[in-house]
Amino acid sequence: MTVIQNAGLDSRQVRVGLDVGGTKIDAVAVSEAGEILGRLRRPTGWGEDAVVTSIVDAVTSLADEVGYPMGDVRSVGVGIPGLVDAETGRVLHAVNLGVESLDLAARAQDVIGVPFRVENDVKAAALGAAVLSGAAGSMAYLNLGTGVAAGIVIDGTIWRGSRGTAGEVGHISVDPNGRLCGCGQRGCIETFCGGGALARAWGRPGALPILDIFEAADEGDLQASALRADLFHGAAAAVRILVLSADVETVIIGGGITALGASLENGIRAALLADADTSPFMRSLQLDARIELLPVGSPAAAFGAAVVGASASEKEIVAHG
Ligand SMILES: [Zn+2]
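Analysis parameters
Residues numbered from 1 in each chain as written. Predicted model: local features only at pLDDT ≥ 70, side-chain atom pairs only at ≥ 80, totals over all residues. Heavy atoms only, no water. Phe/Tyr/Trp six-rings, centres within 6.5 Å; stacked < 30°, edge-to-face > 60°. Helix = DSSP H or I, 4+ residues; strand = E, 2+ residues; numbered from the N terminus. Buried < 20%, exposed > 50% of the residue type's maximum accessible area, 1.4 Å probe, protein only. Lys NZ or Arg CZ within 6 Å of the ring centre and 35° of its normal. Domains from an automatic or database assignment. Contact = heavy atoms within 4.5 Å. Buried area = accessible area lost by both parts, 1.4 Å probe. Salt bridge = Lys/Arg side-chain N within 4 Å of Asp/Glu carboxyl O. Polar contact = N/O pair within 3.5 Å; in protein donor to acceptor, adjacent residues only side chain to side chain. Nonpolar A, V, L, I, M, F, W, Y, C, P; charged D, E, K, R; others polar. Arc of directions from axis to C-beta. Pairing = 2+ DSSP bridges. Axes fitted to C-alpha atoms, helices over the stretch in contact; angles between N-to-C directions.

(A) Inspection of the packing of aromatic side chains at higher detail. Considering all chains together, one arrives at 1 aromatic pair under this definition. Arranged with centres 5.8 Å apart and planes meeting at 90°, the rings of F214 and F232 form a pair that is edge-to-face. Residue F214 is found in helix α6 (residues 209-218), and its partner F232 is found in helix α7 (residues 222-246); the two are separated by 18 residues along the sequence. As far as the burial class goes, F214 and F232 line up, both buried. Cation over ring: R204 sits above W202, and NZ or CZ is 3.9 Å from the ring centre.

(B) Quick peek at the domain arrangement of the protein. By the assigned domains, the protein splits into domain 1 (9-125 + 299-310) and domain 2 (135-293). Once you take the C-alpha centre of each, domain 1 and domain 2 turn out to be 28 Å apart. Opposite the 6 residues of domain 1 that make contact, domain 2 presents 9 residues. Between domain 1 and domain 2, a total of about 640 Å² is buried, with carbon and sulfur atoms accounting for 63% of that surface. The largest per-residue losses of area from domain 1 upon contact with domain 2 belong to V122, K123 and A125, which jointly make up 78% of the total buried on that side. Linking domain 1 with domain 2 are 1 salt bridge. Across the salt bridge formed by R160 and E119, the nearest N and O atoms sit 2.3 Å from each other. Joining domain 1 to domain 2, the criterion identifies 2 residue pairs in polar contact (both at pLDDT 80 or more). Here the element with the most residues in the side of domain 1 that touches domain 2 is helix α3 (residues 121-133); it accounts for 3 residues. Within the side of domain 1 that touches domain 2, the residues separate by chemical class into 4 nonpolar, no polar and 2 charged.

(C) Region of interest: α6. Turning to α6, its buried residues are P209, I210, I213, F214, A216 and A217. Summarising the axial view, the buried residues of α6 lie within an arc of 165°, below the 170-degree limit, and thus occupy one face. On the buried face of α6, the contacting elements are α5 (195-202), α7 and α8 (262-275). Looking one or two places after α6, you find G220, whose phi comes out positive at around 100°.

(D) Region of interest: the sheet that holds strand β3 (residues 36-43). Across the sheet, 5 strands lie side by side as β3-β2-β1-β4-β8; this open sheet has mixed pairing. Each edge of the open sheet is held by one strand with a lone partner, namely β3 and β8 (116-120). The mean inter-strand angle of the sheet, taken between neighbouring strand axes irrespective of direction, is 20°. In the sheet, strand β1 (residues 14-20) pairs with strand β4 (residues 73-80) via 6 bridges, with the strands oriented parallel. Looking across to β4, one finds that G17 is bridged to G77. Against the sheet, helix α2 (residues 104-112) makes contact with β4 and β8, and its axis sits at roughly 150° relative to β8, the strand it touches most. Contacts between helix α10 (residues 300-310) and the sheet are confined to β1, β2 (24-30), β3, β4 and β8, with β1 contributing the most and set at about 130° to the helix.

As structure tokens, this is what we get:
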């Protein structure tokens, strides 16, 4: 590996973070003080070589756009879907990216000459949401996207568990007679509040099926009303599990479905309150007051990746403000 050092170590103060999604890469440049210096989006390539190329392109384009030399980049962190070995930077089974097995950190590092670290996208987003929200102690980030997963952050560190499955609440079955999940079980939380499962259950054409479900429910469609209630109860179940198993202080909810905004947040709150109706114990936990939605367009995922990258070397990014 060749480390670019055109301006000396002290000036290498930029931490780059990339959130690699199925269609686009969200990239941020972060200063040593934890301030976001700039942000851009680039399309994600399909397949192993194209994913590496598009990641390298995002890193160099960001430097051009923000106006610092590549020699100022101290580390790059990448949040990416799939099974990630955070130690080696290898990515397995990122099906939405056409990646079966990719030594991402090693390959990108060879091209750019900067230390790379790779993390699962939801775990990176959890870390970013924790830092940006100023959450002290413990928090969980619940991602409601095509699938459902959570990341747990304790005292500024991602809690992985023994095999990296901590936070995989999407595949906890809450109804043995429920809809079949892609994992082979029935009634997984993901079948209640995952965008993919809800779209399949809805079964009608449309580019934005979850929005369609909400609109049809507002107009009195019974199937849509049932699916909307499923979404609220599934998300509420995930919140309950995260608090009861890890006692996180806050659950920050993000992911594509949160574009629905207040109607989603209010629905999950109402479900939490209704589920606690008969239980003084559950009411005492005040779960409805412990959730918040990540603002739409939040850079949390890319920012969290930058924090992951920073952990590759000696200095950590400190929460700003
Ligand atoms: Zn499942």
